[in-house]
Amino acid sequence: MEWFEAVILGLIQGLTEFLPVSSSGHLAIGQALLGVDVGEDLVFDVVVHAATVLATIVVFFKPILSLFRGLFRFRYNDETDYVLKICVSMIPVLFVGLFLKDAVSSLFGSLIVVGCALIVTAALLYFSDRPGRAKQVPAPEAPAEARNGISYLQAFLVGLGQAVAVIPGLSRSGTTISTGLLCGVRREVVAQFSFLMVLVPILGETFLNVVGGDLASSSVGVLPLALGFVSAFLSGLLACRLMIALVKKAKLKWFALYCLLAGSCALVCGVLESLWII
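Peer 1: Whenever I open this one, the side chain of Ser173 confuses me. Can you help?
Peer 2: Within the fold, Ser173 resides in helix α11 (residues 172-182). The buried category is assigned to Ser173, whose relative accessible area is 0%. Looking at Ser173, its side chain comes within polar contact range of the side chain of Ser171, at 3.4 Å. With near-sequence residues (within four places) excluded, Ser173 lies in contact with Glu17, Phe18, Leu19, Pro20, Ser194 and Phe195.

The following block contains the structure:
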(Lines give C-alpha, C1' and ligand atoms only; values in the text may rest on other atoms or scores of the structure.)
Protein backbone atom coordinates (compact mmCIF):
# COMPACT_ATOMS: atom_id res chain seq x y z
CA MET A 1 0.00 0.00 0.00
CA GLU A 2 1.37 3.39 -1.05
CA TRP A 3 1.20 6.42 1.26
CA PHE A 4 -1.31 8.32 -0.90
CA GLU A 5 -3.57 5.25 -1.02
CA ALA A 6 -3.49 5.12 2.78
CA VAL A 7 -4.47 8.80 2.96
CA ILE A 8 -7.42 8.30 0.58
CA LEU A 9 -8.64 5.19 2.40
CA GLY A 10 -8.26 6.97 5.73
CA LEU A 11 -10.43 9.81 4.44
CA ILE A 12 -13.06 7.32 3.28
CA GLN A 13 -13.09 5.56 6.64
CA GLY A 14 -13.22 8.78 8.68
CA LEU A 15 -16.10 10.23 6.68
CA THR A 16 -18.21 7.09 6.33
CA GLU A 17 -17.75 5.80 9.90
CA PHE A 18 -20.08 8.51 11.23
CA LEU A 19 -22.22 9.19 8.17
CA PRO A 20 -24.97 6.55 7.74
CA VAL A 21 -23.60 4.96 4.55
CA SER A 22 -21.65 1.87 5.82
CA SER A 23 -17.94 2.50 6.36
CA SER A 24 -16.89 -1.14 5.87
CA GLY A 25 -18.60 -1.27 2.49
CA HIS A 26 -17.06 1.99 1.28
CA LEU A 27 -13.61 1.03 2.57
CA ALA A 28 -13.80 -2.23 0.62
CA ILE A 29 -14.95 -0.36 -2.49
CA GLY A 30 -12.10 2.14 -2.07
CA GLN A 31 -9.54 -0.65 -1.78
CA ALA A 32 -10.92 -2.29 -4.91
CA LEU A 33 -10.86 0.94 -6.94
CA LEU A 34 -7.28 1.71 -5.86
CA GLY A 35 -6.18 -1.85 -6.50
CA VAL A 36 -5.12 -2.33 -2.89
CA ASP A 37 -5.03 -6.02 -1.98
CA VAL A 38 -4.46 -6.58 1.74
CA GLY A 39 -5.77 -10.15 1.67
CA GLU A 40 -6.48 -11.33 5.19
CA ASP A 41 -4.37 -8.54 6.70
CA LEU A 42 -7.00 -6.44 8.48
CA VAL A 43 -4.54 -4.32 10.50
CA PHE A 44 -5.08 -1.23 8.35
CA ASP A 45 -8.84 -1.50 8.86
CA VAL A 46 -8.34 -1.82 12.62
CA VAL A 47 -5.96 1.16 12.73
CA VAL A 48 -8.30 3.51 10.86
CA HIS A 49 -11.21 2.34 13.02
CA ALA A 50 -9.11 3.20 16.08
CA ALA A 51 -8.53 6.66 14.59
CA THR A 52 -12.27 7.27 14.33
CA VAL A 53 -12.65 6.14 17.94
CA LEU A 54 -10.09 8.74 18.95
CA ALA A 55 -12.06 11.34 16.98
CA THR A 56 -15.17 10.32 18.94
CA ILE A 57 -13.30 10.74 22.22
CA VAL A 58 -12.15 14.23 21.21
CA VAL A 59 -15.65 15.34 20.15
CA PHE A 60 -17.26 13.93 23.31
CA PHE A 61 -14.35 14.59 25.66
CA LYS A 62 -16.36 16.57 28.22
CA PRO A 63 -19.23 14.05 28.48
CA ILE A 64 -16.74 11.17 28.70
CA LEU A 65 -14.76 12.96 31.42
CA SER A 66 -17.99 13.64 33.30
CA LEU A 67 -18.92 9.94 33.05
CA PHE A 68 -15.60 8.86 34.57
CA ARG A 69 -15.86 11.39 37.37
CA GLY A 70 -19.37 10.28 38.27
CA LEU A 71 -18.54 6.59 37.89
CA PHE A 72 -15.72 6.74 40.45
CA ARG A 73 -17.92 8.29 43.07
CA PHE A 74 -19.06 4.69 43.57
CA ARG A 75 -22.76 5.35 43.90
CA TYR A 76 -25.71 5.05 41.56
CA ASN A 77 -25.96 8.45 39.87
CA ASP A 78 -26.65 9.74 36.35
CA GLU A 79 -23.16 8.83 35.17
CA THR A 80 -23.32 5.29 36.56
CA ASP A 81 -26.74 4.86 35.01
CA TYR A 82 -25.45 5.97 31.61
CA VAL A 83 -22.41 3.66 31.72
CA LEU A 84 -24.58 0.69 32.72
CA LYS A 85 -26.91 1.38 29.79
CA ILE A 86 -23.90 1.43 27.45
CA CYS A 87 -22.91 -1.96 28.89
CA VAL A 88 -26.42 -3.28 28.26
CA SER A 89 -26.24 -2.03 24.66
CA MET A 90 -23.06 -4.07 24.08
CA ILE A 91 -24.65 -7.42 25.04
CA PRO A 92 -26.07 -8.20 21.55
CA VAL A 93 -22.83 -7.42 19.67
CA LEU A 94 -20.88 -9.46 22.23
CA PHE A 95 -23.17 -12.41 21.52
CA VAL A 96 -22.61 -12.01 17.77
CA GLY A 97 -18.85 -11.81 18.24
CA LEU A 98 -18.73 -14.96 20.37
CA PHE A 99 -21.17 -17.21 18.55
CA LEU A 100 -21.93 -15.86 15.07
CA LYS A 101 -18.58 -14.55 13.85
CA ASP A 102 -18.12 -17.23 11.16
CA ALA A 103 -21.69 -16.83 9.92
CA VAL A 104 -21.21 -13.06 9.58
CA SER A 105 -17.84 -13.49 7.84
CA SER A 106 -19.51 -15.68 5.20
CA LEU A 107 -21.71 -12.74 4.18
CA PHE A 108 -18.79 -10.57 3.10
CA GLY A 109 -18.01 -10.48 -0.59
CA SER A 110 -21.63 -10.82 -1.70
CA LEU A 111 -22.93 -7.81 -3.61
CA ILE A 112 -26.47 -9.11 -3.22
CA VAL A 113 -26.14 -9.05 0.58
CA VAL A 114 -24.57 -5.57 0.51
CA GLY A 115 -27.27 -4.28 -1.83
CA CYS A 116 -30.13 -5.62 0.28
CA ALA A 117 -28.50 -4.29 3.46
CA LEU A 118 -28.08 -0.81 1.97
CA ILE A 119 -31.74 -0.78 0.97
CA VAL A 120 -32.70 -1.76 4.52
CA THR A 121 -30.49 1.08 5.81
CA ALA A 122 -32.31 3.47 3.46
CA ALA A 123 -35.70 2.35 4.80
CA LEU A 124 -34.58 2.76 8.42
CA LEU A 125 -33.24 6.25 7.76
CA TYR A 126 -36.36 7.33 5.91
CA PHE A 127 -38.93 6.10 8.41
CA SER A 128 -36.98 7.41 11.42
CA ASP A 129 -36.45 10.80 9.81
CA ARG A 130 -39.51 11.29 7.64
CA PRO A 131 -40.65 14.92 7.25
CA GLY A 132 -42.88 16.20 10.00
CA ARG A 133 -42.36 13.15 12.24
CA ALA A 134 -41.51 15.28 15.27
CA LYS A 135 -44.57 17.49 14.76
CA GLN A 136 -47.07 14.75 13.93
CA VAL A 137 -46.11 12.53 16.84
CA PRO A 138 -45.56 14.62 19.98
CA ALA A 139 -42.92 13.16 22.24
CA PRO A 140 -44.52 11.66 25.37
CA GLU A 141 -43.33 12.56 28.82
CA ALA A 142 -40.25 10.54 29.65
CA PRO A 143 -41.07 7.73 32.07
CA ALA A 144 -39.48 7.83 35.51
CA GLU A 145 -37.09 5.00 34.68
CA ALA A 146 -35.83 6.73 31.52
CA ARG A 147 -32.95 8.45 33.25
CA ASN A 148 -30.56 10.29 30.92
CA GLY A 149 -33.29 10.28 28.25
CA ILE A 150 -32.96 6.57 27.45
CA SER A 151 -34.27 3.49 29.25
CA TYR A 152 -32.53 0.15 29.65
CA LEU A 153 -34.91 -1.41 27.14
CA GLN A 154 -34.22 1.32 24.60
CA ALA A 155 -30.46 0.91 25.18
CA PHE A 156 -30.77 -2.83 24.54
CA LEU A 157 -32.79 -2.26 21.35
CA VAL A 158 -30.19 0.22 20.07
CA GLY A 159 -27.60 -2.45 20.89
CA LEU A 160 -29.57 -4.93 18.79
CA GLY A 161 -29.31 -2.43 15.95
CA GLN A 162 -25.54 -2.35 16.37
CA ALA A 163 -25.37 -6.17 16.40
CA VAL A 164 -27.41 -6.46 13.20
CA ALA A 165 -25.22 -3.79 11.59
CA VAL A 166 -22.29 -6.23 11.43
CA ILE A 167 -23.92 -7.35 8.18
CA PRO A 168 -21.94 -5.75 5.33
CA GLY A 169 -23.85 -2.82 3.86
CA LEU A 170 -25.77 -1.99 7.02
CA SER A 171 -24.54 1.30 8.43
CA ARG A 172 -23.73 1.06 12.14
CA SER A 173 -24.43 4.72 12.86
CA GLY A 174 -27.48 4.75 10.60
CA THR A 175 -28.93 1.58 12.12
CA THR A 176 -28.33 2.52 15.77
CA ILE A 177 -29.55 6.10 15.41
CA SER A 178 -32.62 5.03 13.42
CA THR A 179 -33.42 2.30 15.96
CA GLY A 180 -33.17 4.81 18.79
CA LEU A 181 -35.37 7.35 17.03
CA LEU A 182 -38.00 4.70 16.22
CA CYS A 183 -37.97 3.66 19.88
CA GLY A 184 -38.73 7.23 20.95
CA VAL A 185 -35.29 8.39 22.11
CA ARG A 186 -34.69 12.11 21.60
CA ARG A 187 -32.41 13.06 18.72
CA GLU A 188 -29.68 14.70 20.78
CA VAL A 189 -29.63 11.74 23.18
CA VAL A 190 -29.47 8.98 20.58
CA ALA A 191 -26.71 10.71 18.58
CA GLN A 192 -24.35 10.83 21.55
CA PHE A 193 -25.30 7.37 22.83
CA SER A 194 -24.79 5.81 19.39
CA PHE A 195 -21.25 7.15 19.09
CA LEU A 196 -20.19 6.40 22.67
CA MET A 197 -21.50 2.82 22.73
CA VAL A 198 -19.05 1.72 20.03
CA LEU A 199 -15.91 2.91 21.84
CA VAL A 200 -15.34 -0.20 23.96
CA PRO A 201 -15.82 -2.83 21.19
CA ILE A 202 -13.44 -1.10 18.76
CA LEU A 203 -10.85 -0.28 21.42
CA GLY A 204 -11.02 -3.91 22.55
CA GLU A 205 -10.47 -5.16 19.00
CA THR A 206 -7.51 -2.80 18.56
CA PHE A 207 -5.98 -3.94 21.85
CA LEU A 208 -6.30 -7.62 20.88
CA ASN A 209 -4.53 -6.94 17.57
CA VAL A 210 -1.66 -5.15 19.31
CA VAL A 211 -1.28 -7.79 22.02
CA GLY A 212 -1.60 -10.60 19.51
CA GLY A 213 1.27 -9.22 17.45
CA ASP A 214 -0.84 -8.61 14.33
CA LEU A 215 0.31 -4.99 14.15
CA ALA A 216 3.98 -5.96 13.99
CA SER A 217 3.40 -8.69 11.42
CA SER A 218 1.26 -6.54 9.12
CA SER A 219 2.16 -6.37 5.44
CA VAL A 220 1.25 -2.67 5.45
CA GLY A 221 4.21 -0.41 6.20
CA VAL A 222 4.49 1.89 9.20
CA LEU A 223 4.21 5.08 7.12
CA PRO A 224 0.94 4.11 5.37
CA LEU A 225 -0.51 3.01 8.71
CA ALA A 226 0.45 6.31 10.34
CA LEU A 227 -0.86 8.44 7.45
CA GLY A 228 -4.06 6.42 7.28
CA PHE A 229 -4.56 6.94 11.00
CA VAL A 230 -4.07 10.73 10.80
CA SER A 231 -6.28 11.00 7.70
CA ALA A 232 -9.09 8.98 9.31
CA PHE A 233 -8.81 10.94 12.55
CA LEU A 234 -9.08 14.39 10.93
CA SER A 235 -11.91 13.43 8.55
CA GLY A 236 -13.62 11.61 11.43
CA LEU A 237 -13.64 14.79 13.52
CA LEU A 238 -15.42 16.63 10.73
CA ALA A 239 -17.91 13.83 10.00
CA CYS A 240 -18.76 13.26 13.67
CA ARG A 241 -19.66 16.91 14.28
CA LEU A 242 -21.57 17.03 10.99
CA MET A 243 -23.58 13.91 11.80
CA ILE A 244 -24.59 15.23 15.22
CA ALA A 245 -25.89 18.42 13.59
CA LEU A 246 -27.75 16.48 10.89
CA VAL A 247 -29.46 14.17 13.40
CA LYS A 248 -30.64 17.11 15.50
CA LYS A 249 -32.04 18.86 12.42
CA ALA A 250 -33.67 15.72 10.95
CA LYS A 251 -31.54 15.78 7.80
CA LEU A 252 -31.07 12.08 7.13
CA LYS A 253 -33.44 11.62 4.18
CA TRP A 254 -30.73 12.42 1.61
CA PHE A 255 -28.58 9.64 3.02
CA ALA A 256 -31.60 7.36 2.70
CA LEU A 257 -31.81 8.24 -1.00
CA TYR A 258 -28.09 7.65 -1.44
CA CYS A 259 -28.27 4.24 0.27
CA LEU A 260 -31.29 3.29 -1.83
CA LEU A 261 -29.49 4.13 -5.09
CA ALA A 262 -26.23 2.51 -4.03
CA GLY A 263 -28.04 -0.56 -2.74
CA SER A 264 -30.06 -0.94 -5.93
CA CYS A 265 -26.90 -0.72 -8.05
CA ALA A 266 -25.11 -3.26 -5.85
CA LEU A 267 -28.12 -5.59 -5.96
CA VAL A 268 -28.36 -5.43 -9.76
CA CYS A 269 -24.61 -5.99 -10.13
CA GLY A 270 -24.77 -8.90 -7.71
CA VAL A 271 -27.62 -10.58 -9.58
CA LEU A 272 -25.89 -10.09 -12.95
CA GLU A 273 -22.67 -11.43 -11.49
CA SER A 274 -24.40 -14.56 -10.17
CA LEU A 275 -26.16 -15.13 -13.50
CA TRP A 276 -22.87 -14.68 -15.34
CA ILE A 277 -21.16 -17.21 -13.07
CA ILE A 278 -24.00 -19.66 -13.62
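Peer 1: Looking at this model, I keep getting lost on unusual backbone geometry. Mind explaining?
Peer 2: Peptide bonds are mostly trans, and most non-glycine residues show a negative phi. With a phi angle near 55°, Phe74 is a residue other than glycine that sits in the positive phi range. Tracing the backbone through its elements, the reader meets Phe74 in the loop between α4 (61-71) and α5 (78-89). Owing to a relative accessible area of 68%, Phe74 belongs among the exposed residues under this scheme. The backbone of Asn148 shows a phi angle near 65°, a positive value even though the residue is not glycine.

Peer 1: In this structure, what is going on with a nonpolar patch on the surface? I would like to understand it.
Peer 2: Taken together, the side chains of Leu94, Phe95, Leu98, Phe99 and Leu100 make up a nonpolar region of the molecular surface, amounting to roughly 550 Å² of accessible area. Structurally, Leu94 is set in helix α6 (residues 91-99).

Peer 1: Sorry if this is basic, but what is going on with the environment of Ala103 here?
Peer 2: In this fold, Ala103 is placed in helix α7 (residues 101-105). Judged by its relative accessible area of 44%, Ala103 falls in the partly exposed class. Between the C-alpha atom of Ala103 and that of Ile167, which follows or precedes it by 64 residues, the distance is 9.9 Å.

Peer 1: Sorry, what's going on with the side chain of His49 here?
Peer 2: Assignment of secondary structure puts His49 in helix α3 (residues 43-59). Ignoring any residue separated from it by four or fewer positions in sequence, one finds His49 in contact with Gln13, Glu17, Ser23 and Ile202.

Peer 1: Explain the environment of Phe4 to me, please; I cannot follow it from the model alone.
Peer 2: By secondary structure assignment, the location of Phe4 is in helix α1 (residues 3-18). Given a relative accessible area of 38%, Phe4 falls into the partly exposed group. For the pair Phe4 and Leu227, spaced 223 residues apart in the sequence, the C-alpha separation amounts to 8.4 Å.

Peer 1: I would appreciate a short explanation of helix α10 (residues 152-164) in the present structure.
Peer 2: Helical geometry: 3.6 residues make up each α-helical turn, so side chains three or four residues apart lie on a common side. In this model, α10 (13 residues) spans 18 Å end to end at C-alpha, consistent with the 18 Å of a helix rising 1.5 Å per residue. Listing the buried residues of α10 in full gives Gln154, Ala155, Val158, Gly159, Gly161, Gln162 and Ala163.

Peer 1: Looking at this model, I keep getting lost on the pattern of salt bridges. Mind explaining?
Peer 2: When the charged atoms of two side chains lie near each other, side chains of opposite charge can form a pair. In this structure the tally under the stated criterion is 5 salt bridges. Across the pair Asp78 and Arg147 runs a salt bridge, and its minimum N-O distance is 2.5 Å. Of the two residues, Asp78 is situated in helix α5 and Arg147 in the loop between α9 (133-136) and α10; the sequence distance between them amounts to 69 residues.

Peer 1: Is there a simple way to explain the packing of aromatic side chains in this structure?
Peer 2: Each aromatic ring pair is characterised by the separation of its centres together with the angle its planes make. This structure, assessed with the given rule, holds 8 aromatic pairs. Both rings, one in Trp3 and one in Phe4, keep their centres 6.1 Å apart while their planes meet at 90°; by these two values the pair is edge-to-face. When the ring of Phe60 is compared with that of Phe195, the centres are 6.2 Å apart and the planes differ by 45°; the resulting orientation is tilted. In this pair, Phe60 sits in the loop between α3 and α4 while Phe195 sits in helix α12 (residues 187-196), placing the two residues 135 residues apart along the sequence.

Calculation rules
Residues numbered from 1 in each chain as written. Predicted model: local features only at pLDDT ≥ 70, side-chain atom pairs only at ≥ 80, totals over all residues. Heavy atoms only, no water. Helix = DSSP H or I, 4+ residues; strand = E, 2+ residues; numbered from the N terminus. Buried < 20%, exposed > 50% of the residue type's maximum accessible area, 1.4 Å probe, protein only. Polar contact = N/O pair within 3.5 Å; in protein donor to acceptor, adjacent residues only side chain to side chain. Contact = heavy atoms within 4.5 Å. Patch = residues over 30% accessible without salt bridge, like charges linked within 9 Å, V, L, I, M, F, W, Y side chains within 5 Å. Areas by Shrake-Rupley, 256 points an atom, 1.4 Å probe, with all protein chains shown as cover. Salt bridge = Lys/Arg side-chain N within 4 Å of Asp/Glu carboxyl O. Expected span 1.5 Å × (residues − 1). Phe/Tyr/Trp six-rings, centres within 6.5 Å; stacked < 30°, edge-to-face > 60°.

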